[in-house]
Amino acid sequence: MNKLLKLKPVSIDFNRCFVQQLHNKNDRFVLGCGSNVVDQIHKVQAVPDVGTKGFFLSPTKTLEKSIVGGVTLNHLAWASLFGVPTGLMALQGNDNAGRLIRKELKNLKISDEFVVVKDEYTSSESYVFLQPDGERSIIMAPGATSLINGDAVKNNFGQAINTRASMLTTEISQVPLKGVSELLMQAKKSNILSIVDLDVSPSVAFDEAKLGTMDELNKVLCNASIIKPTLHAAEEFLAINRPDLKDNLKPDDVVKYLIELTNAEMVAITNGSKNAILGTKDHLVSVPVRPLKKLVDATGAGDAFLGGLIAGIHFNGFPLSEEELWKLGELSNKTGACNCMVLGALPNLESKHQLRSEIEYFQAMTNTYTSISPPSSSDTQPSLFLESIQSDLNSIKELQQVLNLKSVDEFVNQIDSCGGNVFVSGIGKSGVVGTRFAASLSSIGVPSQFVHATEWAHGDLGKVSDNDIAILISHSGNTDEVTRAMQLLKKKNIKILALIGSEDSILGRECNHSICYNVQNLTEPLGGIPTSSIILQDTLINGIMCELIDRRKLTRSDFVKNHPGGSLGVKFTK
């Protein structure tokens, strides 16, 4: 093996990437088989000790949110973000968790045609108990994933691997080792590249997850083309199989010995914020992790790293030189870094923005694993523009499912029965939405006006009386200026209504009535520039307006009395 090489970073060209391909029945996919799970998030005051009672953070709310993820699903999602055709091989139940996972697969453009769904199966779930200080406890239920043994692989996925796979990925996390071994044997028979993510240490795999034995793990790693372990997992594996080696090996020595022991074509080791080490039988490189502008959430960074590695091999082939190996490592590192700059382990629209800004271009190598040509200029489309529209549509669809209609009914009742004025207030983009809301209410005969949230403390409190109501709009529900306005208005003894994105917020807890658009999969540029949230606010306002018009039996002649001007006034007077 060559001496450890440290090259200067090379640029990466994206003209081959971010092009979602249309798939037909003869297409080949990067097929992954492994953990795909719904994390049920519960906020608690404190995780109770054995034999003691505990309490949820809210006395009226147990489930905070449901998040789709999993080691295999995550890395397939990041590869898919580049335009790599990906598919998930899984056993799932016809249950809520399974339906939620399959819905997310469609959103992520991961094919679900290789997912086997049966009523007798139970989909994977985990229950996460989160304390206010960020500490958490997790209880796993692998469900039908734990049934993927050798026979299950042959019966359910063997043909797909043989006829539809261009590459196979799997993991040591939830799938029994006998099942992982059979997946790799099927990949060998089909003469395709295989990747194993050693996501947990051997001791956890044997003792806690009960996935199999040391002999079975050895067989798995000796049959994989590429192994992607964490440094800790790789060190523990070597300590068991090579007790003659000294402790505290350098990471590059860990890679070297792991390749010698398993005969893998490549080993790629991640080690948190430290250099990633990639080695083949001929070359070894240490690729620095790029410093982050801002760390938002490191969950799933290793999965994103593997997604970048899959994309690099898919578009450019297996690295045959040190420079190609460096390029692959840099792409993988940058993908992992982009994961850390957005919330959650799955990519979203913001993730694509981050990748485009982090990597300028991806130089095509001479060896190509697949024959995907760069798109011609006539094929290019404003993909982010279209994805933004689709993201808004997805958010509205989810809003229909999570909306509490009783809260909507009470909210509308409060406006309809108001004997005084309706004051709408907010700040920033929510304030712009509030301005429109107040104007629309006035046009249908509801006396209303907009007051900027900061102006209440500068004399505008003199406008309100006991019969008035105030509607405060805030996406977070915690905006300082808006919560301050609420406290001031409460002293005037008027009812406070809120249009918010989170019930677990100051406005959500302290207002009289609220409508909450708590959409979990909301994606906005740069991690929060108001886009989809504004669409949701306007969507709710449109619904409130339509409901008020219906309840008040408003006619065109009634409307034109308030709105005689413009083309709309002309239209309604004809």
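Conventions adopted
- Residue numbers restart at each chain and count upward from 1, following the sequence in its written direction.
- Local features are withheld for residues below a pLDDT of 70 in this predicted model, meaning they are given only at 70 or higher, and side-chain atom pairs are given and counted only at 80 or more; totals for whole chains, interfaces and linings count all residues.
- To obtain the side-chain values, all non-hydrogen atoms of the structure were used and water was disregarded.
- Inter-axis angles, ranging from 0 to 180 degrees, are taken between N-to-C directions of lines fitted to C-alpha atoms, where helices are fitted over the stretch in contact.
- Helix numbers and strand numbers start at the N terminus; a helix is a DSSP run of H or I with at least 4 residues, a strand a run of E with at least 2.
- Orientation labels follow simple angle bins: below 35 degrees gives roughly parallel, above 145 gives roughly antiparallel, 65 to 115 gives roughly perpendicular, and whatever is left gives oblique.
- Whether a crossing is left-handed or right-handed is set by the direction in which the near helix is turned from the far one by less than a right angle, anticlockwise for left-handed and clockwise for right-handed.
- Any two residues whose heavy atoms approach within 4.5 Å at even a single point are treated as in contact.
- When residues are sorted by character, Ala, Val, Leu, Ile, Met, Phe, Trp, Tyr, Cys and Pro go into the nonpolar class, Asp, Glu, Lys and Arg into the charged class, and all the rest, Gly among them, into the polar class.
- Classification of ring pairs rests on two measures: the distance between centres of Phe, Tyr or Trp rings, Trp counted by its six-membered ring, which must be within 6.5 Å, and the angle between planes, read as stacked under 30 degrees, edge-to-face over 60 and tilted in between.
- Note on classification: 1.4 Å probe, protein chains only; a residue is buried when its accessible area is under 20% of the maximum for its type, exposed when over 50%, partly exposed between these limits.
- By disulfide we mean two sulfur atoms from cysteines, separated by a distance within 2.5 Å.
- Between any two strands, at least two bridges found by DSSP are needed for them to pair.

## Quick notes on the packing of helix 7 (residues 231-241) against helix 8 (residues 251-262)
- Where helix 7 meets helix 8, the closest approach of the two axes is 10 Å, and the angle between their N-to-C directions is 55°. Considering their axes alone, helix 7 and helix 8 lie oblique with respect to each other. In terms of crossing hand, the pair formed by helix 7 and helix 8 is left-handed. Within the contact between the two elements, helix 7 uses Leu-231, Ala-234, Glu-235, Phe-237, Leu-238 and Asn-241 and helix 8 uses Pro-251, Val-254, Tyr-257, Leu-258, Leu-261 and Thr-262.
- Within the contact of helix 7 with helix 8, the residues separate by chemical class into nine nonpolar, two polar and one charged.

## What to know about the packing of aromatic side chains
- Within the structure shown, the criterion is met by two aromatic pairs.
- Between the aromatic rings of Phe-29 and Phe-114, the centroid separation amounts to 5.5 Å while the plane-to-plane angle is 75°, which identifies the pairing as edge-to-face. Placement of the pair is Phe-29 in strand 2 (residues 29-33) and Phe-114 in the loop between strand 6 (110-111) and strand 7 (115-118), with a sequence separation of 85 residues.
- Residue classification places Phe-29 among the buried positions, given a relative accessible area of 1%.
- Assessed through its relative accessible area of 7%, Phe-114 is described here as buried.
- Consider the rings of Phe-423 and Trp-456, whose centres lie 5.7 Å apart with planes at 75°: the pair is edge-to-face. On the criterion of sequence distance, the pair formed by Phe-423 in strand 17 (residues 422-426) and Trp-456 in the loop between strand 18 (448-452) and strand 19 (469-474) is long-range, its members being 33 residues apart.

## Examining unusual backbone geometry
- Phi is positive for Asn-191, which is not a glycine, with a value near 60°.
- Tracing the sequence through the fold places Asn-191 in the loop between helix 4 (177-189) and strand 11 (193-198).
- Phi at Asn-493 takes a positive value of approximately 60°, unusual for a residue other than glycine.
- Along the chain, Asn-493 turns up in the loop between helix 15 (480-490) and strand 20 (495-500).

## Overview of the state of the cysteines
- Using the criterion set out here, one finds zero disulfides in the structure.
- Unpaired in this structure, Cys-340 has its nearest cysteine sulfur neighbour in Cys-338, at a distance of 9.1 Å.

## Topic: the sheet that holds strand 17
- The sheet built from five strands is open, its strands ordered 18-17-19-20-21 with parallel pairing. Bordering the open sheet on either side are strand 18 and strand 21 (513-516), each of which pairs with just one other strand. Averaged over all pairs of adjacent strands, the angle between strand axes in this sheet comes to 20°, irrespective of strand direction.
- Here strand 17 runs beside strand 19; their pairing, made up of four bridges, is parallel. Across the sheet, the residue bridging to Ser-425 is Leu-472, located in strand 19.
- On top of the sheet, helix 15 reaches strand 17, strand 19 and strand 20; it is set at about 165° to strand 19, its chief contact.
- Of the strands in this sheet, strand 19, strand 20 and strand 21 are in contact with helix 17 (residues 532-551), which crosses strand 20 at around 130°.

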